[in-house]
Amino acid sequence: MSWQDFVTISPLVAGILTAAAILVVDLIQPARSAIAVATALIGLGITAALTLIVGLNPASAFDGSYTVDALTTFLDILFISIIAMTIVFGPDYLVPRNLPVAEFATILVFAMTGAMLIAASTDLLVLFLGLELMVLPGYLLAGFHKTDGNSTEGAIKYFLLGSFSSAIFLFGLAFVWGLTGTTRVDEVAGALAAVVAGAAPLSPGLAMGLAFMTTGVAFKVAAVPFHYWTPDAYQGSPTPITGYLSVLPKVGAFALILRLFVEALGPLSDWWLPVMIVLAAATMTLGNLVALTQDNVKRMLAYSSIAHTGYMLVGLAAWAGDPSGRIDGIEALLFYGAAYAFMNLGAFAVVAALQKRTGVTSSLATFAGLGRREPMLGILMTLFLLSLTGIPPTAGFFAKANIIIAAVQAGGPLTILAVIVVLNAAAAAFYYLRVVVYMFMRESATETPALRHGALLWSGLAAATALTILLGFFPSALLEAAGRAAQALVPG
Amino acid sequence: MARRLVPIILALAVIGAVIGIAAIMLVVLGQDWEDALFWILAAVMLGAGLLVVTMRDIIRCGLAMMVCFGALAGIYVVLGAPLIAAAQVIVYIGAISVLILFAIMLTQTKDAPSRLVFQTQAVPAAISAVVIAVVIALSIGATDWAEVPERIRLATDALSQVLFNDFVLPFEIVSVILLAAVVGGVFLAKREPGGPS
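Residues numbered from 1 in each chain as written. Chains lettered and ligands numbered in written order. Predicted model: local features only at pLDDT ≥ 70, side-chain atom pairs only at ≥ 80, totals over all residues.

*Asks:* Please give an account of helix 10 (residues 229–236) of chain A that cites residues and values.
*Replies:* Residues that lie three or four places apart on an α-helix share one face, since the helix turns once every 3.6 residues. Helix 10 of chain A sits mainly inside the fold: eight of its eight residues count as buried. For helix 10 of chain A, the complete set of buried residues consists of Trp229, Thr230, Pro231, Asp232, Ala233, Tyr234, Gln235 and Gly236 of chain A. (Buried ≥ 20, exposed ≤ 12 C-beta atoms within 10 Å, placed from the backbone. Helix = DSSP H or I, 4+ residues; strand = E, 2+ residues; numbered from the N terminus.)

Shown next as structure tokens:
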């Protein structure tokens, strides 16, 4: 390991040190949640600064297994902001339930380093380890509320299915390694390009390896029909953690998809395109249809997050199906990931804020009369839900519009997919707006006084709101960054 | 009593079938004794694995799993990877199996049954497992493995060279994963003040 290598991975090291620092601070000042949060935010700030500085000079370290390019920087900054917001939203929910904030923050930061590792890795083995580092803390967080049976049940389901899918992914990876002789992403792409060109045969073992890897990844993003773990894990987890689970592991898994399917398996895109089209169509349609029937807001948002996975897969399919090789699909996917992260975290933060008083459920009835009881939270929730629906001028509108435009540009079967996206967005409006109707047009059955929320929660909500609105009015800045990231992934 | 014998008969049948295939392979196709050893170990591993999932007493399942791990270590030796075989014996048979038996011993109470409670979808699971196994076997059989040259010699010195040069980044990341797992594991296992003891 040379000094240059160390500089290149310094954001990752800073992330790991942040996690360690929170633990040490908690050891010195036990159970002081404000100090733990402050340590975490300072550490994340340093990590973000290092990411931006290192990102100025695209570089490759560790013999080509770790790469810093525009995509790495884009995703790293996104991951850091997701984790910072989750940590800010946490204490309002955790402290009344006597759950420790320091451990929460530490485990989250570990998960972030895993996601950052995925974004930077150009080696299949490092990719797998990054995936493990990202999802392992997720299992722990899902079971964070130890005395709650639902939390434990969701965690066990998530853990078992998550470990199986990791094992399936690793099994496929072993076959790909055995038959291409390399784990480097660019060398795998070269070997597969030779297969596509007809210079080498596609052996059944290699095809099986690729199929297993696809299955493993589909589990991680919770694409239909690999989504069964999602609703239970999401509903059982403490609400701020549900928000986190629906965002970071999902965007992180899409980072894996970009590195794996676009960079390593890019030469085979004609072959995996049909699979992606079917996955995308099934995922968004089933996610939305089941979300329609839910009367628990957390469970509804869990199914809607499945639907959003489908929209993002459309972006991937639009890139693979574009005959002229335009990168608009990947650009749209990256933009969607960022917009989705902020609006979804915001929506979950409002649900968590309502549950500040212990014993309050996340059923739809909790939201009745919220607009009158706590007008500010009601208005913010409405904004996030409108953005999730995709109504202008919010971030969600441009995110969906970009996906649809990319799919229409690609033409062919992608046009049908674009139509399915539009139909799904219309169906989704029903269940998102139903919450708004409950908040402003129904009266609460029991009179509950308004809660007081901490400054941390309000500042986090302000950040989510600002990003949701700003990305709606001025999407071009983020679009340009996403474009540069897509360019780094697919040169030419 | 007859119900108890079903898994054992099933396992013996699998072992017999695999050894039968091995015998045919040896006699008809003229394979050498190294292959015979592989087939015997594979038969033991499959039979033990079957016992792990079909037997009803969890302690016997744990013991069958140790046999399964041991047979796998033997297969590593046959494949020429003594270091991995040693690690398999030390880590899996030595540490993990004992941990599992300890966990069973410490968590069992008199009123909780040691019967397995998760076997509600055994038949569909068995069918899909067999289908997937057949698909994997067919595609492995159809793959031209001769085209793959021998890449890494798994001797200890070569392995350490690879581990600490080419794969130093993954090696270090594994330690971070373990740290995260330890932090979370301690949190989950820690007894809450006032919680259930």
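*Asks:* So what's going on with the domain arrangement of chain B? Residues and values would help.
*Replies:* Many analyses report the size of an interface as the accessible area lost when the parts associate. Looking at chain B, the domain boundaries give domain 1 (1–108) and domain 2 (153–190). One C-alpha centre belongs to domain 1 of chain B, the other to domain 2 of chain B, and the line joining them spans 27 Å. (Domains from an automatic or database assignment.)

*Asks:* So what's going on with the nonpolar core? Which residues, and what values?
*Replies:* Counting 203 residues, the largest nonpolar core has Ile83, Ala105, Ala317, Ala407, Leu417 and Val421 of chain A as its most contacted members. When residues of this core are assigned to their parent elements, the largest contribution, 21 residues, is made by helix 15 (residues 328–354) of chain A. In this view, Ala317 of chain A contacts Leu273, Met276, Ile277, Ala280, Leu414 and Leu417 of chain A; residues no more than four positions away in its chain are not counted. Core analysis: the second largest hydrophobic core is formed by 17 residues, Val44, Val52, Ala64 and Phe69 of chain B among them. (Core = buried A, V, L, I, M, F, W, Y, C linked by C-beta atoms within 7 Å. Contact = placed C-beta atoms within 7 Å.)

*Asks:* Describe the environment of Tyr139 of chain A, and please don't skip the residues or the numbers.
*Replies:* Residue and element names in this part refer to chain A. You can see Tyr139 is positioned in helix 6 (residues 124–142). A residue is classified by how many C-beta atoms lie within 10 Å of it, and Tyr139, with 22 of them, is buried. Separated by 34 residues in the primary sequence, Tyr139 and Ala105 have C-alpha atoms spaced 15 Å apart. Non-local contacts of Tyr139, meaning those with residues more than four positions away in its chain, are made with Ala155, Tyr158, Phe159 and Gly162.

*Asks:* Residues and numbers for the packing of helix 5 (residues 101–120) of chain A against helix 7 (residues 168–189) of chain B, please.
*Replies:* At a closest axis distance of 10 Å, the pairing of helix 5 of chain A and helix 7 of chain B adopts a crossing angle of 155 degrees. Classed by the angle they form, the pair helix 5 of chain A and helix 7 of chain B counts as roughly antiparallel. Considering only the axes of helix 5 of chain A and helix 7 of chain B, their crossing is left-handed. In this structure, helix 5 of chain A contributes Glu103, Thr106, Ile107, Phe110, Thr113 and Leu117 of chain A to the contact, and helix 7 of chain B contributes Ile173, Val176, Ala180, Val183, Gly184 and Phe187 of chain B. Split into classes, the residues belonging to the contact of helix 5 of chain A with helix 7 of chain B amount to eight nonpolar, three polar and one charged. (Axes fitted to C-alpha atoms, helices over the stretch in contact; angles between N-to-C directions. Parallel < 35°, antiparallel > 145°, perpendicular 65-115°, else oblique. Left-handed = near helix turned anticlockwise from the far one by under 90°. Nonpolar A, V, L, I, M, F, W, Y, C, P; charged D, E, K, R; others polar.)

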